[in-house]
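Listed here are the chains, written in short residue letters.
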Amino acid sequence: MKIAVLSVQGAFIEHEKMLSLSGAQSFEIRQKKDLEQEFDGLILPGGESTVMGKLLKELDLFEILQNKIQEGLPVLGTCAGLILLAQKLSNDEHVYFGTLPVTVRRNAYGRQLGSFYAEGEVAKVGKIPMAFIRAPLVESVGAGTEVIARVDENIVGVKYRNQIGVSFHPEVTACTRLHEYFLEICRHSGGI
Ligand code: GLN
């Protein structure tokens, strides 16, 4: 199992550690030639979605990755990664990949409540620790999108086909269960 981790900005090293602990190989996507190899899944990390969105275009990575996601490449987007996948942002005119039918609000918890820990149940994963850092919130989901996690009634995890988006950071906790679940999806998708 070989997973690509978008590594132009943000918390990509933490994801690489989680993948290695879960028994998967990973490599970093920093430039176009990194995409010449084959891989089974993609992780879009947390960080700053505006910066990552801009770099994806400048580095000529955007279209290739968007096509792969549309063709069914399994993808896990965490925090800013969820923003990159969302079809609509309610408080920002940008749309990046736009492949995940959800409406997301950026920095939804305000500055003071921007960062907090919680524990929450994720469907097919169980109860896991969740770190929220200036987190986005899923305001609504479109047809075919499954809500897989809520905290205090708020939607914090969704799944649509092979795409998983979570508004928290599983990679800064000691728990690898969400990564293991993602790897299972990659294993069953049989490549694209
Ligand atoms: N607030 C960031 C954004 O809008 C996301 C924060 C994060 O990824 N921790 O891109």
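Placed above this text is the structure.
Just so it is clear, the model here is predicted, and its values are computed rather than measured.

J.: Give me the overall build of the protein: which residues, what numbers.
T.: In terms of helices and strands, the protein carries five helices and 12 strands. A globule of 192 residues ought to have a C-alpha radius of gyration of about 16 Å, and the protein, at 15 Å, matches this closely. Along the first, second and third principal axes, the C-alpha atoms of the protein reach 40 × 35 × 30 Å. In the protein, buried positions account for 55% of the 192 residues. Residue pairs at least 24 apart in sequence account for 63% of intrachain contacts in the protein once pairs closer than 6 positions are excluded.

J.: Could you give an account of the side chain of Lys 159, with specific residues and numbers?
T.: Structurally, the position occupied by Lys 159 is in strand β11 (residues 154–160). Here Lys 159 sits buried without a salt bridge, and the closest side chain of opposite charge, Glu 146, lies 4.9 Å off (N-O distance). Of note is the side chain of Lys 159, whose polar atom sits 3.0 Å from the backbone oxygen of Arg 161. If sequence neighbours within four positions are ignored, Lys 159 has contacts with Gly 144, Thr 145, Glu 146, Ile 148, Ile 164, Tyr 181 and Ile 185.

J.: Mind laying out the site of the ligand, listing which residues take part and the relevant values?
T.: Around the ligand, a shell composed of Gly 46, Gly 47, Glu 48, Ser 49, Cys 79, Ala 80, Ile 83, Arg 106, Asn 107, Ile 133, Arg 134 and His 169 is seen. The backbone of Ser 49 places a nitrogen or oxygen atom 2.6 Å from an oxygen atom of the ligand. Between a nitrogen atom of the ligand and a side-chain N or O atom of Asn 107, the distance comes to 2.6 Å. Considered on its own, the ligand offers 300 Å² of accessible surface; in the complex 98% of this is hidden by protein.

J.: Explain the pattern of salt bridges to me, using residue names and the numbers behind them.
T.: Summed over all chains, the structure comprises seven salt bridges. Its salt-bridge partner being Arg 106, residue Asp 92 comes within 2.9 Å of it at the nearest N-O pair. Here Asp 92 is found in the loop between β5 (86–89) and β6 (100–105), whereas its partner Arg 106 is found in the loop between β6 and β7 (115–122), with 14 residues between them in sequence. Of the two residues, Asp 92 and Arg 106, neither departs from the other in class, the shared state being buried. A cluster of three or more residues bridged by salt bridges with shared partners is formed by Glu 48, Asp 92, Arg 106 and Arg 134.

J.: Pulling in residues and values, what's your account of the packing of aromatic side chains?
T.: All told, the structure shown has six aromatic pairs when counted by the stated rule. Relative to Phe 116, the ring of Tyr 109 lies with its centre 5.2 Å away and its plane at 70°, an arrangement referred to as edge-to-face. Among the aromatic residues, those joined into a ring-pair cluster are Tyr 109, Phe 116, Phe 132 and Phe 168. One cation-aromatic arrangement involves Lys 57 over Phe 62; the distance from NZ or CZ to the ring centre is 4.4 Å.

J.: Can you lay out the state of the cysteines for me, pointing to particular residues and giving the numbers?
T.: Scanning the model with the defined rule gives zero disulfides in all. Distance from the sulfur of Cys 175, which forms no disulfide, to the nearest cysteine sulfur (Cys 186) is 17 Å.

J.: Outline the nonpolar core, supporting the account with residue identities and numerical values.
T.: Core analysis: the largest hydrophobic core is formed by 33 residues, its most contacted members being Leu 6, Ile 29, Leu 42, Leu 65 and Phe 97. It is helix α4 (residues 80–85) that contributes the most residues to this core, five residues altogether. In contact with Leu 65, not counting residues within four places along its chain, are Leu 6, Ile 29, Leu 35, Leu 42, Leu 56 and Phe 97. Of all hydrophobic cores here, the second largest spans 30 residues; its members include Phe 132, Ile 148, Val 156 and Ile 164.

About the criteria used
- Residues numbered from 1 in each chain as written.
- Predicted model: local features only at pLDDT ≥ 70, side-chain atom pairs only at ≥ 80, totals over all residues.
- Heavy atoms only, no water.
- Helix = DSSP H or I, 4+ residues; strand = E, 2+ residues; numbered from the N terminus.
- Rg over C-alpha atoms; globule rule 2.2 N^0.38 Å.
- Buried < 20%, exposed > 50% of the residue type's maximum accessible area, 1.4 Å probe, protein only.
- Contact = heavy atoms within 4.5 Å.
- Lys, Arg positive; Asp, Glu negative; His and termini not counted.
- Salt bridge = Lys/Arg side-chain N within 4 Å of Asp/Glu carboxyl O.
- Polar contact = N/O pair within 3.5 Å; in protein donor to acceptor, adjacent residues only side chain to side chain.
- Near = heavy atom within 4 Å.
- Areas by Shrake-Rupley, 256 points an atom, 1.4 Å probe, with all protein chains shown as cover.
- Phe/Tyr/Trp six-rings, centres within 6.5 Å; stacked < 30°, edge-to-face > 60°.
- Lys NZ or Arg CZ within 6 Å of the ring centre and 35° of its normal.
- Disulfide = S-S within 2.5 Å.
- Core = buried A, V, L, I, M, F, W, Y, C linked by side-chain atoms within 4.5 Å.

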